[in-house]
Amino acid sequence: MSSSGGITSTAASTSMSHLQSFNPTPALKRALPPTTVGEQDPPYIDVLIAGGMGGTIADFIMHSVDTVKTRLQGQPSANPPKYNNMFHAYSTILREEGVSRGLYSGVAPAMTGSLPGTTLYFGTYEYTKRTLTAAGCPDTLAHLAGGSIGDFFASFIYVPSEVLKTRMQLQGRYNNPSFISGYNYKSTWHALKMIVKYDGVGALYQGYRATLLRDVPFSALQFAFYEKFKLEARKWEAREDGQMSLHVETACGAVAGGLAGFLTTPLDVMKTLLQTQVKKPTTSIAANATAVASHKYYVGIWDGLKWNLKHHGVIGGLFRGVGPRVFWTSLQSALMFVIYEQALQLQDNMRHFGQWPYGSS
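Residues numbered from 1 in each chain as written. Predicted model: local features only at pLDDT ≥ 70, side-chain atom pairs only at ≥ 80, totals over all residues. Heavy atoms only, no water.

Visitor: I keep staring at the pattern of salt bridges and nothing clicks. Help me out?
Guide: Side chains that differ in sign of charge can pair as their charged atoms come close. Tallying each qualifying case throughout the model produces 18 salt bridges. Residue arginine 130 is joined to glutamate 126 by a salt bridge in which the shortest nitrogen-to-oxygen separation is 3.1 Å. Note that arginine 130 and glutamate 126 are positioned in helix H7 (residues 107-134) at a spacing of 4 residues, about one turn of the helix. A relative accessible area of 16% places arginine 130 in the buried class. You can call glutamate 126 buried: its relative accessible area is 4%. (Salt bridge = Lys/Arg side-chain N within 4 Å of Asp/Glu carboxyl O. Helix = DSSP H or I, 4+ residues; strand = E, 2+ residues; numbered from the N terminus. Buried < 20%, exposed > 50% of the residue type's maximum accessible area, 1.4 Å probe, protein only.)

Visitor: Which parts of the structure should I look at to understand the packing of aromatic side chains?
Guide: Here a ring pair, both rings aromatic, is described through the centre-centre distance and the interplanar angle of the planes. One pass over the full model with this rule turns up 15 aromatic pairs. Ring centres of phenylalanine 152 and phenylalanine 156 lie 5.3 Å apart, and the angle between their planes is 80 degrees; on these two criteria the pair is classed as edge-to-face. On the criterion of helical spacing, the pair formed by phenylalanine 152 and phenylalanine 156 is a turn pair, its members being 4 residues apart in helix H8 (residues 139-171). Here phenylalanine 152 falls in the partly exposed class, since its relative accessible area comes to 35%. Centroid distance phenylalanine 225 to phenylalanine 229: 6.0 Å. Interplanar angle 10 degrees. Geometry classified as stacked. With phenylalanine 225 and phenylalanine 229 both in helix H10 (residues 208-237) and 4 residues apart, this pair spans about one turn of that helix. Given the relative accessible area of 23%, phenylalanine 225 is considered partly exposed. (Phe/Tyr/Trp six-rings, centres within 6.5 Å; stacked < 30°, edge-to-face > 60°.)

Visitor: Would you explain the packing of helix H3 (residues 44-61) against helix H16 (residues 322-352) in this entry?
Guide: The geometry of a pair of packed helices is captured by two quantities: the angle between their axes and the separation between those axes. At a minimum axis separation of 8 Å, H3 and H16 run at an interaxial angle of 145 degrees. The handedness of the crossing between H3 and H16 is right-handed. Tallied by class, the residues present in the contact of H3 with H16 amount to 15 nonpolar, 5 polar and 4 charged. (Axes fitted to C-alpha atoms, helices over the stretch in contact; angles between N-to-C directions. Left-handed = near helix turned anticlockwise from the far one by under 90°. Nonpolar A, V, L, I, M, F, W, Y, C, P; charged D, E, K, R; others polar.)

Visitor: Got a minute to help me understand a nonpolar patch on the surface in this structure?
Guide: Together, Leu120, Ile149, Phe152, Phe153, Phe156, Ile157 and Tyr205 line one region of the surface with nonpolar side chains, adding up to about 570 Å² of accessible area. Inspection of the secondary structure assignment puts isoleucine 157 in helix H8. (Patch = residues over 30% accessible without salt bridge, like charges linked within 9 Å, V, L, I, M, F, W, Y side chains within 5 Å. Areas by Shrake-Rupley, 256 points an atom, 1.4 Å probe, with all protein chains shown as cover.)

Here it is, written out as structure tokens:
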């Protein structure tokens, strides 16, 4: 008995020694799933802080590109148009209107909605994803559902700020001689008061359905793409810590945001047009065919999609501003996810060394 036990113990020790000294080749590492031993979901407080930071910083950095996209989509029908393309629009706005009142017009309401909106967005996404995954839901479906539900709840916060931001972006500075938008607000606070006074509180949710129709599928696709790319990237890189390198992480976020942005561009066009259109034209205007073409009033999303497709075609109508939109969503998504992931790692490291006050993981 003792002899058998000694042999067994010796064999076990030898096997353990071989396992500990085993170093798989890079090719074998890529063939295996990423390292998940001991990996835990980050605490929700970390997710909320990292999500708010990532979304807000990325939105601020990319705001000027968003302004250019809004101008391209919302400029009046004219031949030739004031802005020919993204680069022409950027240089023209910068030259004629400057940075703070031109390219960064509307940044105040944008940031006001971005911080609480993205914080709630990431928190809801993470909670939904974990709940569905724990219930046996396929990962892709959990990511799609998490992105959709997260954006739905966040929309109650960011849509009013989106309306204010979009109108201020389209207007530019007060008494702007360089662009005719139909608006002339002195400031964000003045815009808020005038909208509520003349159009009612409901006007702050103008284009709400169009915004949801754009953002819910965009968020669902963005997170689903990113989670899939992240999984494959970790498997391909096969790093010891199971994480992605910074350049791969950036690429995953950029491609995920760019694809989602491209696929939802027609919905983004309608969101901009519905949120920035002036009141319904009078009978005298409606009687004039030329005026109708330049002052089209959209009664809904489907009406706008059909009208733009008929009068401007696929590229000039439904995919108007697709260049700056894809450029914006790619860079914004890359920045957001990189800052998010780095903030999560920073908080985890600080907690490990007892420097983070929000409990243990």
